Amino acid sequence: MSTQDLVRRLEDVGLADAPRTGRKAAALGELAAAGFPVPTGFVLTVDALRLTLEQSGLTASNADEEQVATVALPEPVLAALRDIAARTEGVPLAVRSTGVDEDLAGSSFAGQYTTVLDVLGFDDLVTAVRACWASAFSARVATYRAANGIERAPSMAILLQRMVPAVAAGVAFTANVVNGSRSEVLVSAVRGVGERLVSGEATPDEWVVVGTHGARRTHVSEDAVTADQVRAVAELARQVEAHFAGVPQDIEWAIDDERLNLLQARPITTLAPEGLADVEAPPGYWQRDALALRPMTPMHLSTVVETTNSVVGELFRYGLAAGTETRAIGGWPYWRIVGLDEDNGSGNAFGERIGEIVAAVRSDEPIDVIEQWHEQWQPELAGKLARLLDVRLTTLDDSALREHLLAARQTAATAQRLHFTVGGACGYLVGDLGVHCRDRLGWTTQDTLLLLTGIPGKTSEPGLRIRELAELAAGSPGLTQLLSEVDDDETAARALERLAAEHPGFAKRFEQYRHDYAHRGLGNEIAEPTMAEQPALLLGLIRDQVTAGAGAPSAADSSGQEREAAEERAVAALGGDAEDFRRKVRRAQRAYPVRDDSVFHSSTGWALLRYALLETGRRLAARQQLDAPADVFFLTWRSALDAFDAGTDVRDVVKRRADEHDWASRHAGPASYGTPPSAAEQGGAKDFLSALPAEAGHALQVAMWGFTAASDTTEPAPEGHDGPVGLGASPGRYTGPARIVLSEQEFSKVRPGDVLVCPLTTAQWSVLFTTIGALVTDLGGLLSHPAIIARECRIPAVVAAVDATRRLRDGQLVTVDGSTGRVEIAAGHDQHDENGAQ
């Protein structure tokens, strides 16, 4: 095969050549020939990949990513690349994939393939081409292809263009992908190359252009472009749309010192019909759930969210709010505070609530609630959950499965209600101690929290049991080697078979762990798999503990001694008036672990409902009412039961809701809707509290301690400090490499000794806490799950650091000071350096 067969000049190809050049290159070639400002370049056709695979005894159907990444290139392909290198000598190139299935209606493949920038010379060109080819055979792309119903084998060409020395770059859409409007052009811009935007490294400036003159900036982050430049980008995008017969386009562009360049053009594959995506938020101030990385499924909304909305008021039993409400707005979860006046039409809602709080405190209700949890509610709930877990769902007939579904939902709802009930009591009792220490001893929040640090609870048990399994595995070289070979669910399944045959004692302990601790979701969506369904995750956590060895961070045995020392220091300062203090300490310590202990049970309850729903989905799929068992999560609770009872085909319903969910996942709404409470309104609330009688005022101070005490946990950052600053939530200092983890799907990134940096953690993330060295979260408070678990596990933690996940980078050496709330970035360190506690 000649070089002419393998290489085409970009301006010589058009859409008719897409089967050999991929649509990306074909569209750019046509636009270049039409006079659009497309950088010059070449296309290495699909024949090059086919020839390379054939010479190596592979096919596009059976090759994997690793094989393609290391494949030897045949001489005709090497000759073609030498020809390109010679024709572009001294000119840096951008090397990008151009797949045959890419940029088609319904499947854009956006962000799925590899791009290599600033490629210079023949050797680097060979490496870059291999990297682009290999990305077509990755597990991520395979999943995307399957999800979009693409069954044919991958076929990829390579686009090689002059690298644009961009001063600004970005994307533009010729229709508003949020509301479907065809009259608006959306422009996103960053400084430098567009890869900073695509990779998520930079947050872009956002512009909306209406007509030829109206350019309005809706978000500023980098101040990358002027309004005139934005209007020029919008006009270029409209011209591309006109060239392709008015089909709305998504273009990539870059501006250098000479001109505006067109780098890509593809049809918008996720545009909703005009008007379909119009979102009208309900009245009030709504904030998007910061933990939600994807829209809610209809099943989650109609089970977990519906239940939570109905029982969350228990958490506010001792506060001046009726609760919170969560709704789907544009598919995404948004929440708001529900005022007492909305829940009580008497006209005196605040006065009545204050009277209720005072009466509850006088009767010692908060500690009675905690004792009832320990003595009655927790044992009964644990028994119900255990009985549900032991049911073999596949053996039930339809009638029994339906009864099991109802029982599982009722038990999950009970667990959720009890979690909020004990959470309110716990917050009050801890606040009672905090206010006492503040007023009688002059203590800071950190001083008070020493009295509660290191108290063991149910939430920390999963991590500790993982450590015990790791210690068992560390004593067996064969077992250690077996664990090191696990990197996905397929290898995990093989490992479990070998464990049963070769290491039965460990296998039995592992299965007991799964039974006792792994039937819980890691995130906040019932459609997501539980830990028990992810053996690769569990075996990987054990492997990482083995790797960590004796040097792994751990809860210090001295925590009990430190608590006692802090208590005795307080008693000495109080002199003979310490009896009330000791009583408050005992109560707070009794209550403190209960909030997160109750989460263990509520998350188990929802996991058991998930299993029952999946079995329901399996039966519906077997009857051809669904295409797959997991499609049940695109039904509501009521519609799933109706389909199960009546035998109706609900595949069209699922298809419509799945399409809506997919569209929403690509178009997250704003951070909030509505107007937040003004400073004047907040000041009025403070004046109201100060006017209360002493008993009522004290009770409300106690209830609000966890929120108002935050101000004394953060010290002003010294001049020149450029790291994140938040609330010091767990004392100590630790230096180690940052590891940015945005969701439970990224747990595999974490290595022993890392500083975990994340938006927030749920209680289920505690399985990581015996491995990491420190914790930094964007959100959270002193009594949030991450703060409680960090103190329990004795690791330094900073919460409410606002934008730590954006400001820090993977591998960057940082020092976390859990006392001051500061995160320090080591100058010149961006690798996974040797780490250790200070």
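Keep in mind the model is a prediction, meaning the values are calculated, not measured. (Residues numbered from 1 in each chain as written. Predicted model: local features only at pLDDT ≥ 70, side-chain atom pairs only at ≥ 80, totals over all residues. Heavy atoms only, no water.)

Describing the overall build of the chain
Put simply, the test is: Runs of E in the DSSP output that reach at least two residues are strands. Runs of H or I that reach at least four are helices, and both are numbered from the N terminus. Relative accessible area decides the class of each residue, using a 1.4 Å probe on protein chains only: under 20% of the type maximum gives buried, over 50% gives exposed, and in between gives partly exposed. Residues are treated as being in contact if the distance between any of their heavy atoms lies within 4.5 Å. Surface exposure here means Shrake-Rupley accessible area, sampled with a 1.4 Å probe, where a residue is shielded only by the protein chains that are shown.
Assigned secondary structure in the chain consists of 30 helices and 23 strands. Within the chain, the proportion of its 838 residues that are buried is 54%. In the chain, the share of contacts with a sequence separation of at least 24, taken over all contacts with a separation of at least 6, comes to 69%. Counting every atom, the chain has about 35,600 Å² of accessible surface; 51% of that belongs to carbon and sulfur.

So, the pattern of salt bridges
Oppositely charged side chains may form a pair once their charged atoms are brought near each other. Our working rule: Whenever Lys or Arg places a side-chain nitrogen within 4 Å of a carboxyl oxygen from Asp or Glu, that contact is recorded as a salt bridge.
Applying the stated criterion across every chain yields a total of 53 salt bridges. A salt bridge links Asp228 to Arg231, with the nearest nitrogen and oxygen atoms 2.4 Å apart. Within this pair, Asp228 and its partner Arg231 are both found in helix 9 (residues 227–243), separated by three residues, close to a single helical turn. A residue is classified by how much of its surface remains accessible, and Asp228, at 55% relative accessible area, is exposed. As a salt-bridge pair, Arg336 and Glu325 come within 2.9 Å of each other at their nearest N and O atoms. Residue Arg336 is found in strand 14 (residues 332–338), and its partner Glu325 is found in strand 13 (residues 323–329); the two are separated by eleven residues along the sequence. The pair Arg336 / Glu325 is uniform in exposure class, with both members buried. The structure contains a network of salt bridges with shared partners spanning Asp398, Glu615, Arg618, Arg619 and Arg623.

Quick notes on the nonpolar core
For clarity, the cut-off: Here the nonpolar core consists of buried residues drawn from Ala, Val, Leu, Ile, Met, Phe, Trp, Tyr and Cys, with membership extended through side-chain atoms lying within 4.5 Å.
Core analysis: the biggest nonpolar cluster contains 131 residues, and Leu539, Phe581 and Phe769 have the highest contact counts within it. Element by element, the count of residues in this core is highest for helix 14 (residues 398–441), at 16 residues.

A look at helix 9
Basically, it comes down to this: To estimate the expected span of a helix, count its residues, drop one, and scale the result by 1.5 Å. The directions from the helix axis to the C-beta atoms are what the arc is built from.
Along its 17 residues, helix 9 runs 24 Å from first to last C-alpha, staying within 8% of the 24 Å computed at 1.5 Å per residue. Of the positions making up helix 9, those classed as buried are Val230, Val233, Ala234, Leu236, Ala237, Val240 and Glu241. Here the buried residues of helix 9 occupy an arc of 160° about the axis, which is enough to place them on one side. Structural note: helix 9 exposes Asp228 and Ala242 on the side pointing more than 90 degrees away from its buried face. Backbone geometry just after helix 9 places Ala245 at a positive phi near 60°.

Describing unusual backbone geometry
Despite not being glycine, Asp223 has its phi angle at roughly 50°, a positive value. In this fold, Asp223 is placed in the loop between strand 9 (214–219) and helix 9. Residue Asp223 is classed as partly exposed on the basis of its relative accessible area, which comes to 44%. The phi angle at Val802 is positive, at roughly 70°, despite the residue not being glycine. The residue Val802 is located in the loop between strand 20 (797–799) and helix 30 (804–807) in this model. For Val802, a relative accessible area of 62% corresponds to the exposed category.

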